[in-house]
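Single-letter residue listing:
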Amino acid sequence: MQCTYLDIKNLSNCWYVFFCLIKLDTFIDYMYGSNHFISFSRLLLLNKLLDDGNTLFKKDKLNEASHRYQYALRKLPSVLGNTANKGATKATFEQLNVHLLLNLSRCKRKSGHQEEALDLADKVLHLQPSNFEAYYAKAKAHKAAGRLHAALQDLTKALNIAPQHREVHKVILKVIY
């Protein structure tokens with residue numbers, strides 16, 4: 001059997017990535033089994049959606065960013081519930097879930113949907129009870145809704161978790177004054 005080689009330098013970026021993934025798939029399948037490539041490819045897709053959402057958020061395209069985060073979150077339950085995803089892979093998907101929820105919470109807050117922002121931050125706290133960013137997100141949503149006492153309570157909790165974080169101190173001063 002004769003092996004032919006492709007000149008991948010002349011391929012478009014899309015095909016280059018495709019061939020790299022096939023090489024990676026073969027390696028992962030050889031080393032770990034086929035389920036790991038499925039997890040890896042889903043992780044790439046979900047990270048791409050997160051990055052796209054972050055880019056859109058920075059451009060103040062909140063609706064489009066929300067759609068990216070929501071789409072990724074809809075794809076996550078099948079990944080998180082899969083028993084084939086164990087150890088570091090499952091932890092990676094769980095952390096990605098937290099980032100998606102927090103970023104969606106920020107989008108909802110900036111677009112004036114304070115209650116949805118609070119619900120999303122509460123989901124993060126259900127997963128990670130000592131996540132200071134979730135308390136911080138809740139505090140900013142409470143402040144935007146005019147509930148300053150609740151904002152101060154959440155900021156105090158965030159400050160207890162991460163006392164060195166400067167942004168929390170700045171928001172406390174804004175709420176007080």
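So, here's what we can say about the structure. Note on numbering: residues in each chain are counted from 1, in written sequence order. Confidence filtering applies because this is a predicted model: local features only for residues at pLDDT of at least 70, side-chain atom pairs given and counted only at 80 or more, and all residues used for totals across whole chains, interfaces and linings. For side-chain calculations, the full set of non-hydrogen atoms in the structure is used, while hydrogens and water are omitted.

### Structural notes on the overall build of the protein
Link 1 in the chain: Only runs of H or I of at least four residues qualify as helices and only runs of E of at least two qualify as strands under DSSP, and these elements are numbered from the N terminus. Summing up its helical and strand segments, the protein has 8 helices and 0 strands in all.
Link 2 in the chain: Ordering the α and β elements of the protein from the N terminus gives α-α-α-α-α-α-α-α.
Link 3 in the chain: Counted over contacts in the protein with a minimum sequence separation of 6, partners at least 24 positions apart contribute 49%.
Link 4 in the chain: Calculation of accessible area relied on Shrake-Rupley with a 1.4 Å probe; when residues are assessed, cover is drawn exclusively from the protein chains displayed. Of the roughly 11500 Å² that the protein leaves accessible, carbon and sulfur atoms contribute 56%. The contact rule is simple, with two residues in contact once any of their heavy atoms fall within 4.5 Å.

### A closer look at helix H6 (residues 132–144)
Link 1 in the chain: The end-to-end C-alpha distance of H6 is 18 Å, a good match for the 18 Å that 13 residues give at a rise of 1.5 Å each.
Link 2 in the chain: Each polar contact in these results corresponds to two N or O atoms within 3.5 Å; when the atoms are within protein, one needs to be able to donate a hydrogen and the other to accept it, and residues that are neighboring in sequence are counted only if both atoms are side-chain atoms. Where H6 begins, the side chain of Asn 131 points an oxygen toward the backbone nitrogen of Glu 133, at a separation of 2.9 Å.
Link 3 in the chain: Positioned one or two residues after H6, Gly 146 has a phi angle of 85 degrees, which is positive. What a helix should span is 1.5 Å times the count of its residues minus one.

### Some details on the packing of aromatic side chains
Link 1 in the chain: Between 30 and 60 degrees the pair is tilted, below 30 it is stacked and above 60 it is edge-to-face, where a pair is any two Phe, Tyr or Trp rings, Trp via its six-membered ring, whose centres lie within 6.5 Å. For the coordinates displayed, the defined rule picks out 0 aromatic pairs.
Link 2 in the chain: By definition, being over a ring means that NZ of Lys or CZ of Arg is both within 6 Å of the ring centre and within 35 degrees of the ring normal. When the ring centre of Phe 57 is taken as origin, the NZ or CZ atom of Lys 110, which lies over that ring, is 5.0 Å away.

### Description of the side chain of Lys 108
Link 1 in the chain: Mapped onto the elements, Lys 108 comes out in helix H4 (residues 88–110).
Link 2 in the chain: A polar contact of 3.4 Å, which involves the side chain of Lys 108, links it to the side chain of Glu 116.
Link 3 in the chain: Sequence-distant contacts of Lys 108, that is, excluding residues within four places in its chain, are made with Gln 70, His 113, Gln 114, Glu 116, Ala 117 and Leu 120.

### A few points about the packing of helix H5 (residues 114–127) against H6
Link 1 in the chain: Under this scheme, a helix contributes an axis fitted over its contacting stretch, all axes are lines through C-alpha atoms, and angles between N-to-C directions fall in the 0 to 180 degree range. Close contact between H5 and H6 brings their axes to 9 Å; oriented N to C, the two are set at 165 degrees. Comparing the axis directions of H5 and H6 gives the class roughly antiparallel. The two elements H5 and H6 cross, and the hand of that crossing is left-handed. The segment H5 lies against H6, with Gln 114, Ala 117, Leu 118, Ala 121, Asp 122, Val 124 and Leu 125 engaging Ala 134, Tyr 135, Ala 137, Lys 138, Ala 141, His 142 and Ala 144.
Link 2 in the chain: Residue polarity is assigned by list, with Asp, Glu, Lys and Arg as charged and Ala, Val, Leu, Ile, Met, Phe, Trp, Tyr, Cys and Pro as nonpolar; anything else, Gly included, falls into the polar class. Here the residues of the contact of H5 with H6 are counted per class, giving 10 nonpolar, 2 polar and 2 charged. Put simply, angles under 35 degrees are roughly parallel, angles over 145 are roughly antiparallel, angles from 65 to 115 are roughly perpendicular, and the rest are oblique. Put simply, a crossing is left-handed when the front helix is turned counterclockwise from the back one by less than a right angle, and right-handed when it is turned clockwise.

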